[in-house]
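Descriptive analysis of the structure
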Amino acid sequence: MPSHRYTDAYARVDVPLAQREWPSRRLTAAPLWVPVDLRDGNQALAEPMDPERKHRFFELMVSMGYKEIEVGYPSASQTDYDFVRLIADTAIAPEDLTIVVFTPARRDLIERTVESIQGIANPVVIHMYTATAPSWRTLVLGHDRASLKQLILAGARDVLRLAGDMPNVRFQFSPEVFNFTEPDYVLDVCDAVTELWAATPQRPVILNLPATVEIATPNVYADQIEYMHLNLARRDSVILSVHPHNDRGTGIACAELAVLAGAQRVEGCIFGNGERTGNVDIATLALNLHAQGVDPMIDFSDIDKIRRTVEHCNRIEVHPRHPYAGDLVHTAFSGTHQDAIKKGFAEHRARAAAEGRSESEIAWRVPYLPIDPADIGRSYDAVIRVNSQSGKGGIAYLLETEYGIELPRRLQIDFARQVQRHTDTTGAEVTAAELWRIFEEAYLAPGHGRVELIGVTASETGDDCRVDVDLGIDGRPRSSAHETAAPAEALVAALAQHGIGIEVLDVVHTALASTDVSEALALVEYRGPSGVAWAAGRDRAPQAAALVAIINAANAANATGASSASGADAMDQAAGSSSSPSTAARVRAASREDTPSLR
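How each quantity is defined
- Residues numbered from 1 in each chain as written.
- Predicted model: local features only at pLDDT ≥ 70, side-chain atom pairs only at ≥ 80, totals over all residues.
- Heavy atoms only, no water.
- UniProt positions renumbered as here; feature names shortened; annotations may be inferred.
- Pairing = 2+ DSSP bridges.
- Helix = DSSP H or I, 4+ residues; strand = E, 2+ residues; numbered from the N terminus.
- Axes fitted to C-alpha atoms, helices over the stretch in contact; angles between N-to-C directions.
- Core = buried A, V, L, I, M, F, W, Y, C linked by side-chain atoms within 4.5 Å.
- Buried < 20%, exposed > 50% of the residue type's maximum accessible area, 1.4 Å probe, protein only.
- Contact = heavy atoms within 4.5 Å.
- Phe/Tyr/Trp six-rings, centres within 6.5 Å; stacked < 30°, edge-to-face > 60°.
- Patch = residues over 30% accessible without salt bridge, like charges linked within 9 Å, V, L, I, M, F, W, Y side chains within 5 Å.
- Areas by Shrake-Rupley, 256 points an atom, 1.4 Å probe, with all protein chains shown as cover.
- Salt bridge = Lys/Arg side-chain N within 4 Å of Asp/Glu carboxyl O.
- Expected span 1.5 Å × (residues − 1).

Going by an unreviewed UniProt entry, the protein chain carries the name 2-isopropylmalate synthase and comes from Leucobacter muris. The Function (unreviewed entry) comment attached to the protein chain in UniProt states, word for word, "Catalyzes the condensation of the acetyl group of acetyl-CoA with 3-methyl-2-oxobutanoate (2-ketoisovalerate) to form 3-carboxy-3-hydroxy-4-methylpentanoate (2-isopropylmalate)." A UniProt comment under Pathway (unreviewed entry) is attached to the protein chain, and it reads "Amino-acid biosynthesis; L-leucine biosynthesis; L-leucine from 3-methyl-2-oxobutanoate: step 1/4."

Shown next, in the form of structure tokens:
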């Protein structure tokens, strides 16, 4: 390797001699988080986000609890400008959300940026940047130290002139490539900017110090940040921010040490998308705090939903070994690891019982699992099963985006097995249409079975409720009456009376958006003779769809090969019969929104 062509960080920039207070500090609170996915992350995409994806990503970050979001570079593209105007003209931004817009220190671009924020009622930060490092000054910008400082101050004056009277606007300055810049020069420029902008504790200026291209071990960046923290003028009027990149693969460590060194604010991307090897991953940073007992102040309780949305918006898959979010991060393939984890779970359950507390409340100390997977919406057993299917967790999301179906986590696992069998046979990728066909075959059309649903009729006499269930079993009519107000409960009881026993564990309703007419899809988790499984039913009415799903479950669980119509066929036949009202109509009439057994 021609390593002689390169020099270390100490030969490229003066590293300040710091007092090094940061090594003895501990992380005890979350910094201010600023996701820059919509600007910096978006600039790094081969296909930048269209308005729909950008809006969806924005809504995700709001729902997670971010209070400051860099939404775009309005002078760089019409799409970014229009998105900022969308925020101004609609109510998509909560009142307490701070909007950040990005601009170079150039008058026409500053003017365009200020124009874009007109009418926004939210707090706004105008983020101005200029590269300050020697190579950038001479090779890119053609300035020496003095002339570049004047260029920066001219831009700062333009920002102040155009937006200084706007009471909801604050200012931010980034000396890009800070970590390459001479410490005395960057300190001089930053102090000049905060003086010009009249920084006060009531209207602080954000000074953002990017490791734009990572060149050194994280301790060097910490020394640089601590130097600024200890020597900045008007320190009580400055919010010290960092923006690490990941060129050396140590962006996470740089950010954590920078916070120890005095940084109060961290810019980055959820899952770390960005130029070259990425921006710092603020999801990992936040969950690292969580794993150390520090509240990150951001909601990651449904990590799979977050991951799927980010993958959809970025068109980049999250690596299966990504910390916390990857498909494989809670998976133990080693027998010794699995044994240790099982023993840890057993001890955890026993300790919760002994203390009389919930398992989700007591201290976590299961071997090999840094956090409880349930904290981020996962269970250990479920993740094991998903990962045995080669990380095809995106299958469920594809169904959701193309057909509007939201699969419960346990059904995602079961469906992944169905898809895996298909891909093992064909050796090919599967499209959304093929996924839907596999889903129909597995859950909506389990084959001809013993049972058909003829009708369900509910009636009330005073305080008494009754449901009459008419079935066809092995081609023969069977009727029964049940004292209940719940058609689904009556149907399960009727099946049991005729030796077709299933236990309904859960019913989940979702929508099916694949047709012109909106349909309901009911997903039933049940226990039959062969164990726990899933079935589905579809109808215009949610409760009727649940009854169809129960019939499909009964036929799948008790299949004998007898030639009778499936639950779905029965509903179609009944709906088309000459009887009045039709079975489908009677099922829908019998359905109750307040039925206890259906959710």
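Once you've had a look at it, read on.
Below, the discussion takes up the sheet that holds strand E13 (residues 519-528). As summarised here, the arrangement of the three strands in space is E12-E13-E14, forming an open sheet in which the pairing is antiparallel. Here the strands that pair on one side only, and so sit at the sheet edges, are strand E12 (503-512) and strand E14 (531-539). Strand-to-strand, the axes of this sheet are offset by a mean angle of 20 degrees, without reference to chain direction. Two elements, E12 and E13, share nine bridges in a ladder whose sense is antiparallel. Bridging across to E13, Val508 finds its partner in Leu523.

With that settled, consider the nonpolar core. Phe58, Tyr66, Ile225, Ile270 and Phe300 are the most contacted members of the largest nonpolar core, which has 92 residues in total. Here this core gets seven residues from one element, more than from any other, and that element is helix H8 (residues 183-196). Beyond its immediate chain neighbours, meaning those up to four positions away, Phe58 contacts Leu38, Ile69, Val71, Phe83, Ile87, Ile92, Ala93, Leu97 and Ile99.

The next thing to look at is the packing of aromatic side chains. A complete count under the given rule lists twelve aromatic pairs for this structure. Here the aromatic rings of Trp136 and Phe180 are separated by 5.4 Å at their centres, their planes lie at 55 degrees, and the arrangement is tilted. On the criterion of sequence distance, the pair formed by Trp136 in helix H6 (residues 134-141) and Phe180 in the loop between strand E5 (169-176) and H8 is long-range, its members being 44 residues apart. Given the relative accessible area of 25%, Trp136 is considered partly exposed. Between Trp436 and Phe439 the ring centres are 5.5 Å apart and the planes differ by 15 degrees, which places this aromatic pair in the stacked class.

Attention now goes to the environment of Met49. Within the secondary structure layout, Met49 lies in the loop between helix H2 (37-43) and helix H3 (51-64). Along the primary structure Met49 and Arg39 are separated by ten residues, whereas in three dimensions their C-alpha atoms are 9.9 Å apart. In contact with Met49, not counting residues within four places along its chain, are Asp37, Leu38, Asn42, Lys54, Phe57, Thr79, Cys313 and Asn314.

Further remarks concern the sheet that holds strand E7 (residues 238-244). Reading across the sheet, the eight strands line up as E1-E8-E7-E6-E5-E4-E3-E2 and stay open at both edges, with parallel pairing between neighbours. Two strands close off the open sheet at either side, each with one partner strand: strand E1 (32-35) and strand E2 (68-72). Going from strand to strand, the sheet's axes swing by 25 degrees on average, the running direction of each strand aside. The sheet contact formed by strand E4 (residues 124-131) and E5 spans eight bridges and is parallel. Bridge pairing in E5 places Thr130 opposite Pro175. Against the sheet, H3 makes contact with E1, E2 and strand E3 (98-104), and its axis sits at roughly 175 degrees relative to E2, the strand it touches most. Sheet contacts for helix H10 (residues 251-260): E7 and strand E8 (265-268); angle to E7, the most-contacted strand, approximately 165 degrees.

Time to look at a nonpolar patch on the surface. A cluster of nonpolar side chains, contributed by Leu139, Val140 and Leu141, occupies part of the molecular surface with about 320 Å² of accessible area. Mapped onto the elements, Leu141 comes out in helix H6.

Position of Val469 relative to the elements: it lies in strand E10 (residues 464-473). On the accessibility criterion, Val469 (0% relative accessible area) is buried. Note: C-alpha distance between Val469 and Ile454 (15 residues apart in sequence) is 7.9 Å. Leaving out residues up to four positions away in the same chain, Val469 has contacts with Gly455, Arg478, Ser479, Ser480, His482, Ala490, Leu491 and Ala494.

The first and last C-alpha atoms of H8 sit 20 Å apart over 14 residues, in line with the 20 Å expected at 1.5 Å per residue. Most of H8 is tucked away, with ten of its 14 residues classed as buried. Buried residues of H8: Pro183, Tyr185, Val186, Leu187, Val189, Cys190, Asp191, Ala192, Val193 and Thr194, and no others. In this structure, the buried side of H8 is in contact with H6, helix H7 (145-163), E5, strand E6 (205-211), helix H9 (218-231) and E7. Trailing H8 by a residue or two, Ala198 shows a phi angle of about 55 degrees, which is positive.

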